[in-house]
Amino acid sequence: MSMSFFIHLFSAHKRFTELLTKDEKDLPNNRVPMERILTLPELKSNPFRKRICNVFSTSEYKDGGLTFEDFLDLLSAFSDSATLEIKSHYAFRIFDFDDDGTLDCGDLEKLVNCLTGETDDTRLTPEEMRQLINNILEESDIDKDGTVNLSEFQHVISRSPDFVSSFKIVL
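Read on for an overview of the structure. Only a predicted model underlies this, so the values are computations on that prediction, with no experimental measurement involved.

A closer look at helix H5 (residues 49–56)
Buried within H5 we find Arg 51, Ile 52, Cys 53, Val 55 and Phe 56. As for H5, its buried residues are in contact with helix H3 (34–37), helix H4 (41–44), strand S2 (66–67), helix H6 (68–77) and helix H7 (84–95).

A word on the state of the cysteines
Tallied over the entire structure, the rule returns zero disulfides. Residue Cys 53 stays outside any disulfide, its sulfur separated by 13 Å from that of Cys 114, the closest cysteine. Note on Cys 53: relative accessible area 0%, which makes it buried. Overall, the relative accessible area of 22% leaves Cys 114 in the partly exposed class.

Re the side chain of Asn 46
Take Asn 46: it is sitting in the loop between H4 and H5. For Asn 46, a relative accessible area of 18% translates into the label buried. Here the side chain of Asn 46 touches Phe 48 through a polar contact of 2.7 Å, landing on its backbone nitrogen.

Calculation rules
- Residues numbered from 1 in each chain as written.
- Predicted model: local features only at pLDDT ≥ 70, side-chain atom pairs only at ≥ 80, totals over all residues.
- Heavy atoms only, no water.
- Buried < 20%, exposed > 50% of the residue type's maximum accessible area, 1.4 Å probe, protein only.
- Helix = DSSP H or I, 4+ residues; strand = E, 2+ residues; numbered from the N terminus.
- Contact = heavy atoms within 4.5 Å.
- Disulfide = S-S within 2.5 Å.
- Polar contact = N/O pair within 3.5 Å; in protein donor to acceptor, adjacent residues only side chain to side chain.

Structural measurements only, silent on function.
What follows is the structure in structure tokens.
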């Protein structure tokens, strides 16, 4: 393993432990609550910040809290060295808001709302939303079942040259 690996690991551990309270630092298998993870500047402005925590959390309570191992998995998936396959897999899981293994109209609407913001100034009209979702499905839904599955999503992502470079979080 290279020295840069250890430097990144040390840096990640330092950032993780900074999110723990004094009492929590003495406990084994610490889990940082999602509210504290969301204070990281790298996540604070990300419209998918809560979904990211939920996808990477191994908490049995489904509360988005992260262990150090969860935190490393998150950083690894969003790193420059993660492959297109890994990045697209996690992006799909983040966009699959109902965790049913497909991106349906409900998931796509939430995805669009996250990207555009849900203020009166930025929210799409119902007609604009319907048209955009129809366009997304027209482009992505290869088997025409009304949803986008992982392989269809990966096919679309493979044609997007900016995806790998934009799907990242750097500490």
